[in-house]
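# Coordinates in review
So the chains spell out like this:
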Amino acid sequence: MDPFRLPRAVVPSRYDIRLEPDLTTLTFRGEETIAVSVAEPVREIVLNAVELAVDEAVVVDARGREQWATVGLDEASERCQLAFAEPLAVGAGRLRLVFRGTLNDKLRGFYRSVYKDPSGVSRTMAATQFEATDARRAFPCWDEPAFKAIFSVTLAIDPALTAVSNTRIVSKTRDGARKVARFADSIVMSTYLVAIVVGELEHTEPTLVGATPVSIWCVPGKRRLAAFGQEIAVASLRYFEDYYGLAYPGDKLDLLAIPDFAAGAMENLGAITFRETALLVDEQAASHAELQRIADVVAHENAHMWFGDLVTMSWWNGIWLNEAFATFMEMLAVDAWKPEWQRWVAFGVSRAAALSVDGLHSTRPIEFPVRAPREADAMFDVLTYEKGASVLRMLEQYLGAEVFRAGVREYLTRHRFANADTGDLWAALGRASQQPIPAVMDGWIFAPGYPVVSVSVEGGELVLRQQRFTYLAEPLRWFGATAAPAAAPARWQVPVRLRLAAGGRETVERVLLAEPETRRPLPAGFESVVANEGGHGFYRVRYDEALRERLLSRLPSLGAIERFNLVNDAWAVTAAGLMPITQYLDLTARFRDERDKNVWSVLIGSLHTLNRLVTPADRPKLEALVRDRAAPALAALGWTPQPGEDELTRQLRGDLIRALGTLGNDRAVQARAAELYAGHERGAAPVDPNVLPALIAVLAHAGDEGRYHEFFERFRTATTPQEEQRYLYALTAFPKPALVEQTLARTINGEIRTQDAPFVARSMLMAVHSREQAWDFVKKHWDTMDRLYPKHGLRRMAEGVVGLATPELEADVHRFFHERKIDLGGKTLEQYLEQLRVAVALREREGAALSAYLARF
Ligand SMILES: [Zn+2]
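I will try to describe carefully the structure that is included in this document.

Rules used in this analysis
The numbering scheme is per chain: residues are counted from 1 as the chain's sequence reads. In keeping with the model being predicted, local features are shown solely for residues with a pLDDT of at least 70 and side-chain atom pairs are shown and tallied solely at 80 or more, while totals for entire chains, interfaces and linings include all residues. Water and hydrogen atoms play no part in the side-chain values, which are based on all heavy atoms of the structure. Paired strands are those between which DSSP finds at least two bridges. We count a stretch as a helix when DSSP gives it H or I for four or more residues in a row; a strand needs E for two or more, and each element gets its number in order from the N terminus. A fitted line through C-alpha atoms represents every axis, and for helices the fit uses only the stretch in contact; the resulting angles, taken between N-to-C directions, go from 0 to 180 degrees. A 1.4 Å probe that fits into a set of points on a 1 Å grid over the protein atoms alone but cannot get out defines a cavity; an open set with protein on both sides within 12 Å along at least five of seven lines defines a pocket, and lining residues are those with an atom within 4 Å of a point. Grid points are joined across faces, edges and corners, and a volume is the space filled by probe spheres set on the points. Ten residues, namely Ala, Val, Leu, Ile, Met, Phe, Trp, Tyr, Cys and Pro, are considered nonpolar, four, namely Asp, Glu, Lys and Arg, are considered charged, and the remaining ones, Gly among them, are considered polar. Sites may look incomplete, because water is not among the atoms used; the donor set itself consists of N, O and S atoms within 2.8 Å of the metal (3.2 Å for Na, K and Ca). Burial classes: relative accessible area under 20% of the type maximum marks a residue as buried, over 50% as exposed, and values in between as partly exposed (1.4 Å probe, protein chains only). Contacts between residues were defined by any pair of non-hydrogen atoms, one from each residue, lying within 4.5 Å. In protein, a polar contact requires one atom able to donate a hydrogen and another able to accept it; more generally it is a pair of N or O atoms within 3.5 Å, and residues adjacent in sequence count only if both atoms are side-chain atoms. Think of a nonpolar core as a cluster: buried Ala, Val, Leu, Ile, Met, Phe, Trp, Tyr and Cys residues, connected wherever their side-chain atoms sit within 4.5 Å. Convention used here: angles under 35 degrees read as roughly parallel, angles over 145 as roughly antiparallel, angles from 65 to 115 as roughly perpendicular, and any remaining angle as oblique. Each crossing is labelled by how the near helix is turned from the far one, with a counterclockwise turn of less than a right angle marking it left-handed and a clockwise turn marking it right-handed. A pairing counts as a salt bridge when a side-chain nitrogen of Lys or Arg comes within 4 Å of a carboxyl oxygen of Asp or Glu.

This part is about the sheet that holds strand β29 (residues 526–531). Strand order in the open sheet formed by three strands is β27-β26-β29, and the pairing between neighbours is antiparallel. One side of each edge strand has no neighbouring strand; the edge strands of this open sheet are β27 (505–513) and β29. For this sheet the average axis-to-axis angle between neighbouring strands, irrespective of direction, equals 25°. The pairing of strand β26 (residues 494–502) with β27 spans nine bridges and is antiparallel.

As structure tokens, then:
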């Protein structure tokens, strides 16, 4: 018997669940009647339960015979075994269970969230988070995605509280001192999508999308922050009904902001839960980046209502398709809602993050076989979300948007209320496009890595060659290496789009590069060529020097995403040792006139990496280089928004100020930032919301104890989630060691929520001024952090070791993980260590050249 799959002799079709949470004792009681179908005359029923006490279990079988079960609970396998004296009759039966549990503080299963109300009094609410396998912590169930059933939920609660679940309330009654709310039957769906929230809640007036009321829910006092989230919720729901050609599958749509939430959000059908920063915002006081985050997350979760909820993966190996698709749809919906945001250009940043991890030997295929559900835990990463979405976008562009959508519609219609696999989507897209989809896609999905396409002119011909891109020539040797890395294909089917400029004209050509090399004659009057035209391809391009120079000399003719890729690919091949660092630094000088915030983000990101590599003596020179590159752009933009200026330019202004005031250590920028911040605080001269977060970061970078305590108080008393985040992360930027120590202590003393603390520690590991102290702290308190943080907290935090880019720290990192035998799930740790090696290798290889280059500053 497979220890990870429940037997199918008895399967559920409907759950009638009643739960009574008690927010004072932090416990809950429950009872449920499950309609089951018995396929074989077994004497045992096996389902999932963990950290629950089961007090009664009775079955009534198809012959009407009632039997009490002997209950066995196995915590290790998270199973509940019900043994009966007589075999169950084949046919329809009913299983009744009575159980108890606690409202835990681990942000999973049925858990408690504690927050302060507007008068500063501590309040408690209860919420659920079930994906992947934590529904079994709230009620015994067949907790696998393929066991879809109808859920009828009843909640008996304190009359002062409010309850929300997946569907509308159909009746409200009293039971003694309790108020009882019964919810309508759900659609047939998986256990991990059930949601329950109980607390003091308020909600917005619903907006109708067709017959579906859409509302935002939050703790009292925050409804004023709900309008923006509601607007994108409504817009994206409309967009998806149209795109999918299917009505929204629920009877209402509630979006709930929960003060403690481990992930960003969770796509429970009809009751989507969010961390507050991903849903609530004061639109007038927020930066573009903060607004885009909310639009993205809301659209992403709404996309799941169909892709994931209506049609669900059969098993956890399919989680990538769920997430990749929702990420892809999120871009489409936000792009349609606010075209001026140029969402697909900004997606370049996400694609770049995936290319970075997928350029490691320790990467993995997007999809791989999963036996135990926890093997899929490590799937919640950039390869699933960002690489997955990138290859879907590449496929969509290759097939054409209409054909792609037709395939998606057919897939959803065919498999609705059921489960499906990757192959089912390829089959549907294949029927829509009349093309062999698996032949094109399998190399991208079932194999690790991606190609770099080299473009050169040789003997009057344009030559394209593909080979796998990796940063290191050889896989990293480390203590945990057990097997050789998964083999990458010798070549991919690369849909290459070329834009050729010749004789004053531009033409676009599509080439499916399936061979290691292809050649074509150069057109007469050849001027230049852009490979990966439009930037949708998931591969890198390496131009020969002459071709790169031709593009650099005509940058304004390139699209923003093409300029982004030009920089990003050049930086990657530099990190891989295929281009000298001096050439890359020369290249950055060509972008002083750049006005796209995404292109600037890759430029600034690469300079941040160099900052972790340079010697302390060279750091002031690197700061001067940063000023040399970025100051002209800020000077041209000015410090205050111009009338009619677009949102992206405003955000760029904030990004440049932040880069100059921190990485560039620009005294004039720091002084100006202090002046503007003071004026803003006095109410004398409000600062643009895109600039204000940058001012806070700059002041922290140059700040002392007084400023630290001021900012800590602002963090504690913040009135919006965004304000809270700005001041929280500002605490990580104060350079004084005593202040670094204080912030580190706050990651484990309860002053920073456990949903945020791992990320705070991560950013302190990444920053040059704090990394050594942070690393010492993390080593010392690893077990405490492991105990306090939610499930994926340590994995997120440990990513910070990538910033420990000195040979000494690298050795110490290996020693620590080796001695402690730490496993972060999947290939996560191996990937962090390899990324660290890439950085240290760059330092070893190019340190002298970098130092010589910086001598001129
Ligand atoms: Zn998702």
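Take empty space enclosed by the protein next. Following the criterion strictly, the structure yields four cavities of 30 Å³ or more and no others. Of the volumes computed, that of the largest cavity is approximately 70 Å³. Forming the walls of the largest cavity are F307, G308, V311, T312, M313, G318, L321, N322, Y411, A420, D421 and T422. Those elements that provide at least two residues to the lining of the largest cavity are β22 (311–313) and α3 (319–337). Per element, the largest residue contribution to the lining of the largest cavity is three residues, and it comes from β22. Considered class by class, the residues forming the lining of the largest cavity number six nonpolar, five polar and one charged. For the second largest cavity, the calculated volume is near 60 Å³. Taken together, F28, E51, G101, T102, N104, F110 and R137 make up the full set of residues lining the second largest cavity. Among the residues forming the lining of the second largest cavity, the class breakdown is two nonpolar, three polar and two charged.

The next subject is the coordination of the zinc ion. Note on metal sites: the ideal angle is 109.5 degrees for four tetrahedral donors, and 90 or 180 degrees for six octahedral donors. All of the protein donors around the zinc ion are H300 (NE2), H304 (NE2) and E323 (OE); their distances to the metal are 2.0 to 2.1 Å. Spacing between the donor residues of the zinc ion along their common chain follows H-x3-H-x18-E. Taken together, the residues H304 in helix α2 (residues 288–304) and E323 in helix α3 connect sequence positions 19 residues apart. We classify H304 as buried; its relative accessible area is 0%. Taking relative accessible area as the criterion, E323 reaches 2% and is therefore assigned buried.

Of the voids in this model, the second largest pocket is the one considered here, and its volume is about 1300 Å³. Forming the walls of the second largest pocket are 46 residues, and the residues nearest its centre are V114, Y115, K116, E724 and R753. Put simply, the parts of the chain that give the lining of the second largest pocket at least two residues each are β9 (109–116), α17 (705–716), α18 (721–730) and α21 (771–788). Examining the composition of the lining of the second largest pocket, we find that five residues originate from one element, β9, more than from any other. Taken together, the residues that form the lining of the second largest pocket break down as 15 nonpolar, 15 polar and 16 charged.

Bringing the environment of R465 into the picture now. Its place among the elements puts R465 in strand β25 (residues 461–468). Among the residues examined, R465 registers a relative accessible area of 29% and is labelled partly exposed. The spacing of R465 and E675 is 210 residues in sequence and 54 Å in space, taken between C-alpha atoms. When sequence neighbours within four positions are dropped, the list of residues in contact with R465 reads V452, V453, S454, S456, E458, P516, E517 and R519. Within the local environment of R465, its side chain forms a polar contact with the side chain of E458, the two groups lying 3.0 Å apart.

Time to look at the nonpolar core. The biggest cluster of nonpolar side chains holds 295 residues, and the ones touching the most others in it are W142 and Y244. If near-sequence neighbours (up to four positions away) are discounted, Y244 is found in contact with A303, W306, F307, F325, M329, V408, R409 and L412.

What follows deals with the side chain of R343. Within the fold, R343 resides in helix α4 (residues 343–358). On the accessibility criterion, R343 (3% relative accessible area) is buried. R343 has contacts with Q292, D296, E330, M331, V334 and D335, leaving out every residue within four places of it along the chain.

Think of a sheet as strands paired side by side through backbone hydrogen bonds, with each pair either parallel or antiparallel. The mixed open sheet is built from four strands, whose spatial order is β28-β25-β24-β30. Strands with a single pairing partner mark the edges of an open sheet, and in this sheet they are β28 (517–521) and β30 (540–543). Direction aside, the axes of adjacent strands within the sheet are offset by 20° on average. Bridging between strand β24 (residues 451–458) and β25 involves eight bridges; their strand directions are antiparallel. Residue pairing across strands places V455 opposite L464, the latter belonging to β25. Against the sheet, helix α9 (residues 545–552) engages β24, β25 and β30, with an angle of about 105° to β30.

This part is about the packing of helix α15 (residues 667–682) against helix α16 (residues 692–701). When two helices pack together, their arrangement is given by the angle between the helix axes and by the axis-to-axis distance. Viewed as axis vectors pointing N to C, α15 and α16 meet at an angle of 120°, and their least axial separation amounts to 9 Å. In terms of orientation, α15 and α16 fall into the oblique class. Crossing handedness for the pair α15 and α16: left-handed. Along its contact with α15, which presents Q670, A673, A674, L676, Y677 and H680, the element α16 presents L692, L695, I696, V698, L699 and H701.

For the coordinates displayed, the defined rule picks out 66 salt bridges. The closest approach of N and O atoms between R592 and D628, which form a salt bridge, is 2.5 Å. Here D628 lies in helix α13 (residues 619–637) and R592 lies in the loop between α11 (581–589) and α12 (597–613), a separation of 36 residues in the sequence. Residue D628 is classed as partly exposed on the basis of its relative accessible area of 26%. The network of salt bridges with common partners includes E51, E78, R108, D134, R136, R137 and D143.

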